[in-house]
Amino acid sequence: QVQLVESGGGLVQAGGSLRLSCAASGRTFSAYAMGWFRQAPGKEREFVVAINWNGNTLYSDPAKGRFTISRDNAQNTVYLQLNSLKPEDTAVYYCAAKPGFLSSWVTLYEYWGQGTQVTVSS
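### Remarks on the sheet that holds strand S7 (residues 67-72)
Ordered in space as S1-S3-S8-S7, the 4 strands form an open sheet in which the pairing is antiparallel. Of all the strands in the sheet, the pair left with one neighbour each is strand S1 (2-7) and S7. Neighbour to neighbour, the strand axes of the sheet diverge by 15 degrees on average, direction disregarded. Where strand S3 (residues 18-26) lies against strand S8 (residues 77-82), 6 bridges are found, and the strand directions are antiparallel. In the sheet register, serine 21 faces S8, and the bridge partner there is tyrosine 79.

### Concerning a nonpolar patch on the surface
Taken together, the side chains of Phe101, Trp105 and Leu108 present a nonpolar region at the surface, about 370 Å² in accessible area. Along the polypeptide, tryptophan 105 turns up in the loop between strand S9 (91-99) and strand S10 (111-112).

### Looking at the pairing of S9
Of all 9 residues in S9, 7 are buried; the element is thus mostly enclosed. Relative to S9, strand S4 (residues 32-39) is paired through 8 bridges, and the arrangement is antiparallel. Counterpart to glutamine 39 in the pairing with S9 is valine 92. By the bridge criterion, 2 bridges tie S9 to S10 in an arrangement that is antiparallel. Paired with alanine 97 across the two strands is tyrosine 111, which belongs to S10.

Conventions adopted
Residues numbered from 1 in each chain as written. Predicted model: local features only at pLDDT ≥ 70, side-chain atom pairs only at ≥ 80, totals over all residues. Heavy atoms only, no water. Pairing = 2+ DSSP bridges. Helix = DSSP H or I, 4+ residues; strand = E, 2+ residues; numbered from the N terminus. Axes fitted to C-alpha atoms, helices over the stretch in contact; angles between N-to-C directions. Patch = residues over 30% accessible without salt bridge, like charges linked within 9 Å, V, L, I, M, F, W, Y side chains within 5 Å. Areas by Shrake-Rupley, 256 points an atom, 1.4 Å probe, with all protein chains shown as cover. Salt bridge = Lys/Arg side-chain N within 4 Å of Asp/Glu carboxyl O. Buried < 20%, exposed > 50% of the residue type's maximum accessible area, 1.4 Å probe, protein only.

In structure tokens, the structure reads:
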């Protein structure tokens, strides 16, 4: 079992920044690929970005150039830096974990946090 707890969401104006954190506990953190997903009201959950144990990353097109994922295996924490935020980035952001390789597929992630709300005002 892996427990994930997100933090760092909030209300920000367009063009602003936020830093999300995901603290993991349980099994060996470094063995897991960590992903960030988001879900806006009335929409399906979508992939944002993922990182594996050695720092390799996979970004969705909306995230490229604006968002940055990183992880600290010693602290069992993964971070998502959100820059140049837009109103369309408004969503609940979820941290997720899966063993092995990177993936953008929601269904491959086994463990999920409770989510943190990001709201971007225009």
